[in-house]
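Descriptive structure summary
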Amino acid sequence: MVKKQTPEELLGYLENEQTYLKARINRLKKDGHPDPEVGAWYLKIAEHNYNKNADKIKQLKAKK
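Residues numbered from 1 in each chain as written. Predicted model: local features only at pLDDT ≥ 70, side-chain atom pairs only at ≥ 80, totals over all residues. Heavy atoms only, no water.

1. A few points about the side chain of asparagine 53
Here is the rule: Each helix corresponds to a stretch of at least 4 residues labelled H or I by DSSP, and each strand to a stretch of at least 2 residues labelled E; elements are numbered beginning at the N terminus. Partly exposed residues are those whose accessible area sits between 20% and 50% of the maximum for their type, while under 20% is buried and over 50% is exposed, using a 1.4 Å probe and protein chains only. Only heavy atoms enter the contact rule, under which two residues are in contact if any of them lie within 4.5 Å.
Topologically, asparagine 53 is positioned in helix H2 (residues 36-63). For asparagine 53, a relative accessible area of 10% puts it in the buried group. Leaving out residues up to four positions away in the same chain, asparagine 53 has contacts with Leu14, Glu17, Gln18 and Leu21.

2. Details of the pattern of salt bridges
If the charged atoms of two oppositely charged side chains come close together, the side chains can form a pair. Spelled out, the test is: Salt bridge, as used here, is a side-chain nitrogen of Lys or Arg placed within 4 Å of a carboxyl oxygen of Asp or Glu.
All told, the structure shown has two salt bridges when counted by the stated rule. Its salt-bridge partner being lysine 61, residue glutamate 15 comes within 3.6 Å of it at the nearest N-O pair. One end of the pair, glutamate 15, is in helix H1 (residues 7-31); the other, lysine 61, is in helix H2, with 46 residues separating them in the sequence. Close ionic contact of glutamate 47 with lysine 29 constitutes a salt bridge, the shortest N to O distance being 3.8 Å.

3. Things to note about H2
Operational definition: A helix is expected to span 1.5 Å multiplied by its residue count minus one.
In this model H2 runs 41 Å from its N-terminal to its C-terminal C-alpha over 28 residues, within 8% of the 40 Å that 1.5 Å per residue would give. Tucked inside the fold, the buried residues of H2 contact H1.

4. A word on the packing of H1 against H2
Applied cut-off: Orientation is described by axes fitted as lines to C-alpha atoms, over the contacting stretch for helices, and by angles from 0 to 180 degrees between their N-to-C directions. Here is the rule for angles: anything less than 35 degrees is roughly parallel, anything more than 145 is roughly antiparallel, 65 through 115 is roughly perpendicular, and the remaining ranges are oblique. Left-handed describes a crossing whose near helix is turned anticlockwise from the far helix through less than a right angle; right-handed describes the clockwise counterpart. Amino acid classes used here: Ala, Val, Leu, Ile, Met, Phe, Trp, Tyr, Cys and Pro are nonpolar; Asp, Glu, Lys and Arg are charged; the rest, including Gly, are polar.
Two elements in contact, H1 and H2, have axes separated by 9 Å at closest approach and are oriented at 150°. One way to sum up the angle between H1 and H2 is to call them roughly antiparallel. The element H1 and its partner H2 pack so that their crossing is left-handed. Here the contact of H1 with H2 is composed, by residue class, of 14 nonpolar, three polar and eight charged.

5. What about a nonpolar patch on the surface?
For the record, the criterion: Patches here: salt-bridge-free residues with over 30% relative accessible area, like charges joined within 9 Å, nonpolar side chains (Val, Leu, Ile, Met, Phe, Trp, Tyr) joined within 5 Å. Method for areas: the Shrake-Rupley scheme with a 1.4 Å probe, in which residue coverage is limited to the protein chains shown.
Taken together, Trp41, Tyr42 and Ile45 make up a surface patch of nonpolar side chains, about 300 Å² in accessible area. Here tryptophan 41 lies in helix H2.

6. Re the side chain of glutamine 18
In this fold, glutamine 18 is placed in helix H1. Other than its neighbours up to four places away in sequence, glutamine 18 contacts Asn49, Tyr50, Asn53, Ala54 and Ile57.

7. Some points on H1
It helps to recall that an α-helix has 3.6 residues per turn; residues three or four apart then point in one direction. Its 25 residues give H1 an end-to-end C-alpha distance of 35 Å, which sits within 8% of 36 Å, the value for a rise of 1.5 Å per residue. Within the sequence span of H1, burial applies to Leu11, Leu14, Gln18, Leu21, Ile25 and Leu28. Those residues of H1 that are buried lie in contact with H2. Following H1 by one or two positions, glycine 32 has its phi on the positive side, about 70°.

Right under this line is the structure:
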């Protein structure tokens, strides 16, 4: 049986993910990537996921 995450567990997970994504974005901006095109793609995806998580966190906090 699959146990669904509680809103508090999901909020904690998303906040941890935000910390990781922020570090990844900063690292990609600072160090770049050997292939600039690939680096730009990784940066775009990380920023997209960061913004998506920020919206979800905002929704979860509003429900409290």
